[in-house]
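If you want the building blocks of each chain, they are given just below.
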Amino acid sequence: MDVKRILWPTDFSSISERALPHVKSVTAQFGAEIHVLYVIEDIAHHDGWYGAFDSKRVGELMEHAQKTASKRLGQICEKYMEGCPLYVKHVAIGDPSQEILKLIEKEQIDLVVMASHGQKGSYRFGSVTEKVLKASPVPVTVIPVEPVK
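Residues numbered from 1 in each chain as written. Predicted model: local features only at pLDDT ≥ 70, side-chain atom pairs only at ≥ 80, totals over all residues. Heavy atoms only, no water.

Trainee: Quick rundown of the environment of Thr-10? Include the residues and the values.
Mentor: Counting through the fold element by element, Thr-10 comes out in the loop between β1 (5–9) and α1 (14–17). By relative accessible area, which is 7% here, Thr-10 ends up buried. For the pair Thr-10 and Val-36, spaced 26 residues apart in sequence, the C-alpha to C-alpha distance is 7.1 Å. Setting aside chain neighbours within four positions, we find Thr-10 in contact with Ser-16, Val-36, Leu-37, Tyr-38 and Leu-73. A distance of 2.9 Å separates a polar atom in the side chain of Thr-10 from the backbone nitrogen of Phe-12. (Helix = DSSP H or I, 4+ residues; strand = E, 2+ residues; numbered from the N terminus. Buried < 20%, exposed > 50% of the residue type's maximum accessible area, 1.4 Å probe, protein only. Contact = heavy atoms within 4.5 Å. Polar contact = N/O pair within 3.5 Å; in protein donor to acceptor, adjacent residues only side chain to side chain.)

If you want it as structure tokens, here you go:
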């Protein structure tokens, strides 16, 4: 198997970081580039909470979320990926599993490496991981992480 591009989806939790040693190992073995993806939930499609927001306010919130996500991705890449030959940062808005699958196709990803569940996961296997594993056209390596109780 020739691996040129690895996708590591993250929710910025310490749980998702548990996949990093494997990502770095595969990268070192194949000289692959790492694509790091964070997905922002699209709040424009939710009913109002604590009062309704107009479209301008929703736009401001989403812009702030994108800036924050880009900054955090930069921090993660600087802290953990200094030894990797190339990393590409992606921020998307929408459903995490759908955005992961879109990026696999768009960037011609060869391998996805992700934790068994995310920050909100209280089970051994999360719904995003399950959806990606079932629908991915490329191999997915799932790193088992015990749920936080």
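Now that the structure has been shown, we can carry on.
Trainee: Quick one: what's the story with the packing of aromatic side chains, residue by residue and with numbers?
Mentor: Applying the stated rule across the entire model yields one aromatic pair. Ring centres of Phe-12 and Tyr-38 lie 4.1 Å apart, and the angle between their planes is 20 degrees; on these two criteria the pair is classed as stacked. Of this pair, Phe-12 sits in the loop between β1 and α1 while Tyr-38 sits in strand β2 (residues 33–40); the two residues are 26 residues apart in sequence, bridging distant segments of the chain. For the pair Phe-12 and Tyr-38, a shared accessibility class is recorded, and that class is buried. (Phe/Tyr/Trp six-rings, centres within 6.5 Å; stacked < 30°, edge-to-face > 60°.)

Trainee: Which residues make up the environment of Met-62, and what values go with them?
Mentor: Of note, Met-62 is situated in helix α3 (residues 55–80). Here Met-62 falls in the buried class, since its relative accessible area comes to 10%. It is 9.0 Å that separates the C-alpha atoms of Met-62 and Glu-41, two residues lying 21 residues apart in sequence.

Trainee: Mind laying out the nonpolar core, listing which residues take part and the relevant values?
Mentor: Grouped together as the largest cluster of nonpolar side chains are 20 residues, with contacts concentrated most on Val-3, Ile-6, Trp-8, Phe-12, Val-23, Tyr-38 and Val-113. Mapped onto this core, the elements with two or more residues apiece are β1, α2 (20–30), β2, α3 and β4 (111–115). When sequence neighbours within four positions are dropped, the list of residues in contact with Ile-6 reads Val-23, Val-26, Thr-27, Ala-32, Glu-33, Ile-34, His-35, Ile-109, Leu-111 and Val-113. Within the second largest apolar cluster, 13 residues are counted, among which are Leu-7, Leu-37, Leu-103 and Val-138. (Core = buried A, V, L, I, M, F, W, Y, C linked by side-chain atoms within 4.5 Å.)

Trainee: Report on the packing of helix α4 (residues 96–106) against helix α5 (residues 127–135), specifying residues and quantitative values.
Mentor: Orientation of α4 relative to α5, taken along the N-to-C sense of each, is 35 degrees, at an axis distance of 9 Å. For the crossing formed where α4 meets α5, the hand is right-handed. Along its contact with α4, which presents Pro-96, Ser-97, Ile-100 and Leu-101, the element α5 presents Val-128, Lys-131, Val-132 and Ala-135. Each residue belonging to the contact of α4 with α5 can be placed in one class, and the counts come to six nonpolar, one polar and one charged. (Axes fitted to C-alpha atoms, helices over the stretch in contact; angles between N-to-C directions. Left-handed = near helix turned anticlockwise from the far one by under 90°. Nonpolar A, V, L, I, M, F, W, Y, C, P; charged D, E, K, R; others polar.)

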